[in-house]
There are 2 protein chains.
Amino acid sequence: MKVKVVSRILEANERIAADNRALFDENGVYVVNLMSSPGAGKTTVLEQTVKGLMDHLRIGVIEGDIMGTDDAERIGSLDVPVVQINTGGACHLDANMINEVLKDMPLSELDLVFIENVGNLVCPAEFNVGEDVKAMVLSITEGDDKPLKYPLMFQEASVLLLNKMDLAEHLDVNVDKIKQDVISLNGKIKIIECSAKKGTGLDDWLRWLKSQVKR
Amino acid sequence: MKVKVVSRILEANERIAADNRALFDENGVYVVNLMSSPGAGKTTVLEQTVKGLMDHLRIGVIEGDIMGTDDAERIGSLDVPVVQINTGGACHLDANMINEVLKDMPLSELDLVFIENVGNLVCPAEFNVGEDVKAMVLSITEGDDKPLKYPLMFQEASVLLLNKMDLAEHLDVNVDKIKQDVISLNGKIKIIECSAKKGTGLDDWLRWLKSQVKR
């Protein structure tokens, strides 16, 4: 019975995700669903990414949080269109939440939209929102056991940013183990080591994004 | 409609939590539901706590993970009874999952049981499992914006362990802001700064636990 409820919710979500997808395609917008645990550095990655690409691409951002507008204010200060979704308790974004704010995004004037999901290593990976690609951030401070303990997000993501590499020397963390375990879960994933705070290691990520955008 | 489904699930959960609660009371066991983001250090806190208290109290541990038995093996090596729950995808433990494994715990021979929840800063706080107290771990590497962005867990917890304090000098994190924001959400919470990895700062936590246990 419980499974049925869940599967109905996921089916309804897929229908709305397809509507979003059609709208993104009509407008020629490439959409990245960015996911991670709380505090892995999604917003800092986004700040660096917007700064690195805003001279080349027209970027918009949808921010998802349980509550508050901190992240939207951080990104908005870079002078790109931002919409904040407050889920009010829900631990992930779903396609309907995205659908409801798309009217507030000038899609026809954008090349690339980032959706920053709620900080959660589990549920966001279950809900497509109509994105082209799922990308994820794992902070190496979270430990090298995370891929095997939370496999779904690593399986769903096309790109993994291994963040906070500047702290590696202060941690007991085996970065090679992380990479091996991630590849065992998802042989096609692109893994990029970086420190978003220091602004290092993001060149590959920026190049890859530029190569994906449709125009 | 969605709200109704959720409220029915939560009501059913409360009924089973009360059954668990009655069983804990019958056996004179004090139960701590330990929650945090992925990688905040719950298992390391538990390792140190078991080592610090096992000469004084009879301790059991219930480990909750999406999948895998890493944590149960880590705790089991300390020679205390451990049961592993694999939620298989669910992002939190609920009362029924706990109910189903209690038959595998020698409750009548225990004083203190820890339930290590799935790493998730959101949903675990919504599901009572029959515990005496909710405790949480926040790693300072997660940043000082977390309490206001994920308020519920901070409101539900009676104790907050601010972990990985040994990394403070390498981070741009305002620990005083964390504490102020937490207190603004929950004036009764006990905040303890520690480094579970280094084994420092846990004396208050161990003393507090000893004072809570019923026997």
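Think of each chain on its own: its residues are numbered from 1, step by step along the sequence as written. Written order determines the labels here, with chains lettered from A and ligands numbered from 1. Per-residue local features of the predicted model are confined to residues with pLDDT of at least 70, and side-chain atom pairs are confined, for both listing and counting, to 80 or more; whole-chain, interface and lining totals are unaffected and use all residues. Calculation of side-chain values draws on the structure's entire complement of heavy atoms; hydrogens and water are dropped beforehand.

Help me understand the overall build of chain A, please; the structure alone is not making it clear to me.
We count a stretch as a helix when DSSP gives it H or I for four or more residues in a row; a strand needs E for two or more, and each element gets its number in order from the N terminus. Scanning chain A from N- to C-terminus turns up eight helices and seven strands. Two things to know: the radius of gyration comes from C-alpha atoms, and the globule rule equals 2.2 Å times the number of residues to the power 0.38. Taking 2.2 N^0.38 as the reference for a compact globule, 215 residues should give roughly 17 Å; the C-alpha atoms of chain A span a radius of gyration of 17 Å, in line with that estimate. Only heavy atoms enter the contact rule, under which two residues are in contact if any of them lie within 4.5 Å. Partitioning the contacts of chain A with sequence separation of at least 6, the portion at a separation of at least 24 is 74%. Only the protein chains shown count as cover for residues, and the accessible areas themselves come from Shrake-Rupley with a 1.4 Å probe. Per element, the accessible surface of chain A, about 8700 Å² overall, is 48% carbon and sulfur. Between the centroid of the 24 positive side chains of chain A and the centroid of its 34 negative side chains there is a distance of 3 Å. The charged-residue count follows a simple rule in which Lys and Arg add positive charge and Asp and Glu add negative charge, with His and chain termini not counted at all. To locate a charge, take atom NZ for lysine, CZ for arginine, CG for aspartate or CD for glutamate.

Explanation requested: the relation of the copies chain B and chain A in the structure shown.
Put simply, the two copies of the chain differ by a rotation about an axis and a shift along that axis. Of the transformation placing chain B onto chain A, the axial shift is 0.0 Å and the rotation is 180°, giving an RMSD of 0.0 Å. Overall, the copies show the geometry of a two-fold rotation axis. Residues of chain B ranked by C-alpha distance from the rotation axis are headed by B:N120, positioned 3.0 Å from it. An overlap of 100% is found between the interface residues of chain B and their copies at the interface of chain A, pointing to a shared contact surface. A least-squares superposition brings the copies together, and it is based on the C-alpha atoms of residues with pLDDT no lower than 70 in both.

What is the right way to look at the interface of chain B and chain A in this model?
The extent of an interface is frequently quoted as the accessible surface area lost upon association of the parts. Counting from both sides, the interface comprises 35 residues of chain B and, opposite them, 35 residues of chain A. Between chain B and chain A the total buried area reaches about 2700 Å² when both faces are included, carbon and sulfur atoms providing 56% of it. By definition here, a salt bridge exists when the distance from a side-chain nitrogen of Lys or Arg to a carboxyl oxygen of Asp or Glu is within 4 Å. At the boundary of chain B with chain A, the tally comes to six salt bridges. A salt bridge links B:D65 to A:K149; the nearest nitrogen and oxygen atoms lie 3.6 Å apart. Side-chain atoms alone can form a polar contact between residues adjacent in sequence; in general such a contact is a pair of N or O atoms within 3.5 Å, and within protein one must be able to donate a hydrogen while the other accepts it. Applying the counting rule to chain B against chain A returns eight residue pairs in polar contact (both at pLDDT 80 or more). Residue assignment for the side of chain B that touches chain A shows that the elements contributing at least two residues are α1 (2-26), α3 (70-76) and α5 (146-149) of chain B. Broken down by class, the residue content of the side of chain B that touches chain A amounts to 14 nonpolar, seven polar and 14 charged. Defined here as a combined quantity, buried area equals the accessible surface (1.4 Å probe) lost by two parts on assembly, summed across both. Throughout this entry, Asp, Glu, Lys and Arg are counted as charged residues, while Ala, Val, Leu, Ile, Met, Phe, Trp, Tyr, Cys and Pro are counted as nonpolar. The remaining residues, Gly among them, count as polar.

How should empty space enclosed by the protein be read in this particular structure?
Empty pockets left among the atoms are what a rolling probe the size of a water molecule brings to light. With a 1 Å grid spanning the protein atoms alone, the term cavity applies to any set of points in which a 1.4 Å probe fits but cannot get out, the term pocket to an open set with protein on both sides within 12 Å along at least five of seven lines, and the term lining residue to any residue with an atom within 4 Å of a point. Grid points are joined across faces, edges and corners, and a volume is the space filled by probe spheres set on the points. Throughout the structure, instances matching the rule amount to one cavity of 30 Å³ or more. Of the pockets and cavities examined, the largest cavity occupies roughly 50 Å³. Together, 15 residues line the largest cavity, and A:T141, A:E142, B:P38, B:T141 and B:E142 are the ones closest to its centre. When its residues are assigned to classes, the lining of the largest cavity shows four nonpolar, seven polar and four charged.

Just to check I follow, could you spell out the nonpolar core for this structure?
Within soluble globular proteins, side chains that are nonpolar tend to cluster in buried spots. Within the largest apolar cluster, 48 residues are counted, with the highest numbers of intra-cluster contacts made by A:L160 and B:L160. Where this core is concerned, the elements lending two or more residues are β5 (133-139), α6 (151-156), β6 (159-163) and α7 (175-185) of chain A together with β5 (133-139), α6 (151-156), β6 (159-163) and α7 (175-185) of chain B. Apart from residues no more than four positions distant in its own chain, A:L160 is found in contact with A:M136, A:V137, A:L138, A:F154, A:V182, A:I189, A:K190, A:I191 and A:I192. In this text, buried Ala, Val, Leu, Ile, Met, Phe, Trp, Tyr and Cys residues form a nonpolar core when linked through side-chain atoms within 4.5 Å. Each residue is assigned to one of three classes by its accessible area relative to the maximum for its type, calculated with a 1.4 Å probe on protein chains only: buried under 20%, partly exposed between the two thresholds, exposed over 50%.

Before we go on, may I ask you to explain the side chain of A:S36 in this structure?
Locating A:S36 in the fold gives a position in strand β1 (residues 30-36). Side chain to side chain, A:S36 and A:K42 meet in a polar contact 2.9 Å long.

Explain the sheet that holds strand β7 (residues 190-193) of chain B to me, please; I cannot follow it from the model alone.
Remark on secondary structure: sheet strands pair via backbone hydrogen bonds, oriented parallel or antiparallel. Residues and elements named next belong to chain B. For two strands to be treated as a pair, DSSP must find at least two bridges joining them. In spatial order, the strands read β3-β2-β4-β1-β5-β6-β7; together these seven strands make up an open sheet with parallel pairing. Of all the strands in the sheet, just β3 (82-86) and β7 have a single pairing partner and so form its edges. Averaged over all pairs of adjacent strands, the angle between strand axes in this sheet comes to 20°, irrespective of strand direction. Sheet analysis places strand β2 (residues 59-65) next to strand β4 (residues 112-116), joined by five bridges and oriented parallel. Within β4, the residue paired with G60 across the bridge is V113. Between N-to-C directions, angles cover 0 to 180 degrees, with each direction set by a line fitted to C-alpha atoms, over the stretch in contact for helices. Strand contacts of helix α2 (residues 42-53): β1 (30-35), β2, β4, β5 and β6, with the helix running at about 170° to β4, the strand carrying the most contacts. Its contacts with the sheet place α7 against β5, β6 and β7, and it is angled at close to 165° to β7.

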